[in-house]
Amino acid sequence: MEPPSRCPRGLDCGPTEDYRLDCGPDSEDISIVVSGSLGRDEFTSGSDIDWSLLIDGSADPKHYDLLRQIGGVIDTIAAKPTGPEGTFGRMVFSHGLIHEIGGDDDTNRNTTRRLLLLLESRVVRRADAYSRVVRGILDRYLLEDRGLWKGSTGHRVPRFLQNDFARYWRTMTVDFAYKLRNRAGKGWAIRNIKLRMSRKLLYVSGLLACYRCHLDYDEAERLKVYSDPDMKSEVIEHLQSIFRESPLEIAAGILLRYPHLDGSARKILGAYNEFVGILADDQQRSRLDNLKENEAERPGSMRANSATNSAMACWSSFSTRQAACVI
Amino acid sequence: MRPIGFSTGALAYGDFREALRMLAGKDVQTLELSALRQCELVPLLQAIPSLDLSGFAYVSIHAPSQFEPNWEGALWEQLAGDVATRWPIVLHPDAIIDFGLWRELGASICIENMDKRKPIGRTARELSEIFKQLPDATFCFDIGHARQFDPTMTEAWLILREFGSKLRQLHVSEVNTRSKHDCLSYASILAFQEVAHLIPESVPLILETPVPEWDIDAEIAKVREALPVKKKTIAA
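Residues numbered from 1 in each chain as written. Chains lettered and ligands numbered in written order. Predicted model: local features only at pLDDT ≥ 70, side-chain atom pairs only at ≥ 80, totals over all residues.

**Structural notes on the sheet that holds strand S1 (residues 4-7) of chain B**
All names here are of chain B. Put simply, the rule is: Pairing between two strands is assigned when DSSP locates at least 2 bridges connecting them. Here a strand is any run of E in DSSP of at least two residues, a helix any run of H or I of at least four, and the numbering for each starts at the N terminus. Angles here are taken between N-to-C directions and fall from 0 to 180 degrees, while the axes themselves are lines fitted to C-alpha atoms, restricted in helices to the stretch in contact.
Spatially, the eight strands close up into a barrel ordered S1-S2-S3-S4-S5-S6-S7-S10, and their pairing is parallel. The sheet shows a mean angle of 30 degrees between the axes of neighbouring strands, taken without regard to direction. Pairing geometry for S1 and strand S10 (residues 205-207), over three bridges, is parallel. Bridge pairing links Ile4 to Leu205 in S10.

This is the structure we're talking about:
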């Protein structure tokens, strides 16, 4: 099967950090950020483009004009509009992403934007604001994680961050039910398979990134790095480098590291490849888009079932085993 | 205690004599003679023999931050003689056109990291490319620029880890969202404290905070709070 296109027509995609878009000024205070399948390097012809105008600087009324200009360009490229929840296609200010973690002001939308910025985002054009905001977010999670620096167990896993990834995963699962109701079942099947595959991969990659804060150092290095919060920059830089990888790359990296996971690796990556292939097939994707819940119960009606079931079993096994490696 | 002083440009723009007058009687040990604009350099160099700089243990010169390309040779000639043998010359990497010229001045050249507006010289990675061209140059760490680029101070940490051995002096100020130098705020004091331990006590501090004469002592006190001296310095 032909691999899916890495980027939509109209975007000149070089290395993952080097997408180009022919509009918008360069600015050290603004970054155009893409998430979703484009952020994960899994873009297919049927994908929408989840994008945001990230602003980390003085507010300027002209930002709205830029927003509309970018939206106009993206509308001509994307196969379909962004989701109706209003999470994307908007101006996003760094203040909320960095300062509102937990509490009443950390809305579903804010959490989604923040964690997707870490887990599945890429920047178009200048990355100054993007990089600054990612570091600001990581700074919050790491420096305020008392257990990371002073915990007695010896496990150097940023639990504050890990818990937020877990919270976000649960939010996605609950939001699935919300959307099922809100959209009267429309698009149920495709959202279901995405939840089981790409959304779960997102969660797993977040967990693995947290575990790598422990696993990527030997005992002597851990003692040195985590003995002093002044060393937090080392961990921020390390985590930032991990999050530059796509969720699949993060998962694959761990799978490659441990030979006893070879069997799981083949199943997981094989199933995920099949999943992306299904979404890249316009006919199958269209079928999933229109499949009703009662139709899915008929045998053979949803080829995706075998891929999802296989992957689900592997994810569970993988997640447990990986946790066992650390604990 | 860290040797501390001011850039003349921060106190009085191109009027270096006025800046020296403002500093008379103050507890300062360092001085940067600033000729940030091309037209300021020659008057400054001509005035140096008549300036009383005896009270300063450390003096440096800040070359123009930008200049016409066809003037670079003349600038080099102005600085290459007496000045380069006496004092470090602080240079903005984005202003350099002919690296071969400045390479000849070796450790007299002191490269400064840039603010976020500039195309190069802002990060450890970008600075490494510059120091490849000027391997003997020393380093002026502008802590305000580094914080403006990355308020978490991770980039500052990376820069100091990579180039701490080349440290010749520090520029200290807050750099605001308009990329202008400003007095230290509470947030910048907290931020600078995070990397203070990576800066050896002997490295001269040059304040680029624009303060009136009556606030000089107060600003120096803030900088000392922002960059305390720890007994044990962790190697950069």
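Next comes the rest of the description.
**Description of the pairing of S1(B)**
Relative to strand S2 (residues 30-34) of chain B, S1(B) is paired through three bridges, and the arrangement is parallel. Opposite B:Phe6, over in S2(B), you have B:Leu31 as the bridge partner.

**Quick look at the interface of chain B and chain A**
This is how it is decided: Here, residues touch in the contact sense if the C-beta positions derived from the backbone fall within 7 Å of one another. Throughout, the ten residues Ala, Val, Leu, Ile, Met, Phe, Trp, Tyr, Cys and Pro are labelled nonpolar, Asp, Glu, Lys and Arg are labelled charged, and all others, Gly among them, are labelled polar.
In this complex, chain B contributes twelve residues to the contact, which on the side of chain A involves twelve residues. In terms of residue class, the side of chain B that touches chain A is made up of four nonpolar, four polar and four charged.

**Quick notes on the domain arrangement of chain A**
Residues and elements named next belong to chain A. Heads up, the condition is: In this document the domain limits rely on a domain assignment from an automatic tool or a database.
Parsing chain A into structural domains produces domain 1 (1-144) and domain 2 (146-327). Facing the 22 residues of domain 1 at the interface are 28 residues of domain 2. Sorting the residues of the side of domain 1 that touches domain 2 by element identifies helix H4 (108-119) and helix H5 (128-143) as the ones contributing at least two each. At seven residues, H5 tops the list of elements feeding residues into the side of domain 1 that touches domain 2. In terms of residue class, the side of domain 1 that touches domain 2 is made up of ten nonpolar, five polar and seven charged.

**Notes on the environment of A:Leu201**
Residues and elements named next belong to chain A. When you line up the elements, Leu201 lands in helix H8 (residues 188-215). Measuring from C-alpha to C-alpha, the distance between Leu201 and Ile98 comes to 24 Å, with 103 residues separating the pair along the chain. What Leu201 contacts, discounting residues up to four positions off in sequence, is Pro247, Leu248, Ala251 and Tyr272.

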